[in-house]
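Chain by chain, the residues:
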Amino acid sequence: MKTLFLLGAMTIGGFAMNAQEALVSENGIQHNQVNEILILAEDFEEISVAEVPQAVTDAISKNFPTANLDKAYTNEKKQYKLILSLEDGTQGTVYADEEGNWIDM
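Residues numbered from 1 in each chain as written. Predicted model: local features only at pLDDT ≥ 70, side-chain atom pairs only at ≥ 80, totals over all residues. Heavy atoms only, no water.

Participant: How should I be thinking about the nonpolar core in this particular structure?
Facilitator: Side chains of nonpolar character tend, in soluble globular proteins, to be buried together. Ranked by size, the top nonpolar core spans 12 residues in total: I47, V52, V56, I60, A67, L69, A72, Y80, L82, L84, V94 and A96. Every element with two or more residues in this core is listed here: α3 (54-63), β2 (68-74), β3 (79-85) and β4 (91-97). In terms of residue count, β3 provides more of this core than any other element does, three residues in total. Those residues in contact with L84 that sit more than four places away from it in its chain are I60, F64, A67, N68, L69, D70, T90, Q91, G92 and V94. (Core = buried A, V, L, I, M, F, W, Y, C linked by side-chain atoms within 4.5 Å. Buried < 20%, exposed > 50% of the residue type's maximum accessible area, 1.4 Å probe, protein only. Helix = DSSP H or I, 4+ residues; strand = E, 2+ residues; numbered from the N terminus. Contact = heavy atoms within 4.5 Å.)

Participant: Explain α3 here, please?
Facilitator: The periodicity of an α-helix, 3.6 residues per turn, causes residues three or four positions apart to be oriented the same way. Inspection of α3 places V56, A59 and I60 among the buried residues, and these make up the whole buried set. In an axial view of α3, the angular spread of the buried residues amounts to 100°, which keeps them on one side of the axis. Exposed positions of α3 whose direction lies more than 90 degrees from the buried face are Q54 and K62. Packed against the buried residues of α3 are β2, β3, β4 and β5 (102-103). (Arc of directions from axis to C-beta.)

Participant: Explanation requested: the confidence of the model for the protein in the structure shown.
Facilitator: Any region with low pLDDT has predicted coordinates that should not be read closely. Averaged over all residues, the pLDDT of the protein equals 75, while 60% of them reach at least 70. Within the model, the stretch residues 1-23 combines pLDDT values under 50 with zero contacts to residues more than four positions away or in other chains. Here residues 31-40 is modelled with pLDDT under 50, and outside its nearest four sequence neighbours on either side it reaches two contacts, counting other chains as well. (pLDDT = per-residue confidence, 0-100.)

Participant: Would you take a moment to explain the packing of aromatic side chains for this structure?
Facilitator: One pair of aromatic rings is described through two measures. These are the centre distance and the angle between the planes. Here the structure, examined in full by the defined rule, presents two aromatic pairs. When the ring of F44 is compared with that of Y95, the centres are 5.8 Å apart and the planes differ by 55°; the resulting orientation is tilted. Highlighted residues: F44 in the loop between α2 (31-42) and β1 (45-47) and Y95 in strand β4, separated in sequence by 51 residues. The buried category is assigned to F44, whose relative accessible area is 9%. Ring centres 5.5 Å apart and planes at 80° place the aromatic pair F64 and W102 in the edge-to-face group. Within this pair, whereas F64 is found in the loop between α3 and β2, its partner W102 is found in strand β5, the two being separated by 38 residues in sequence. Look at W102 and you get partly exposed, because its relative accessible area is 34%. Its guanidinium or amino end placed over the ring of Y73, K81 lies 5.2 Å from that ring's centre, counting from NZ or CZ. (Phe/Tyr/Trp six-rings, centres within 6.5 Å; stacked < 30°, edge-to-face > 60°. Lys NZ or Arg CZ within 6 Å of the ring centre and 35° of its normal.)

What follows is the structure, encoded as structure tokens:
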């Protein structure tokens, strides 16, 4: 009986491992994609908050009226990585282009 239980557990475990591999390949998630995201994030260089274009600061004021702009970064494509903080102390990161349009990154 113990052998039957152990065999059943191993079979279920094997199916779970195969299902996980299939899920990864179905979604196209690969280790190389993570490396590309990290390289993209490293392209941003910190700038002064005063250097952020007016269109971007206007977009922050409109969409996040209670947020403070703590740090700003830019890249060669004139995209901005913005670190915002709320009154309760929580922080978040948003991305925008130089015209104040939000970007998903």
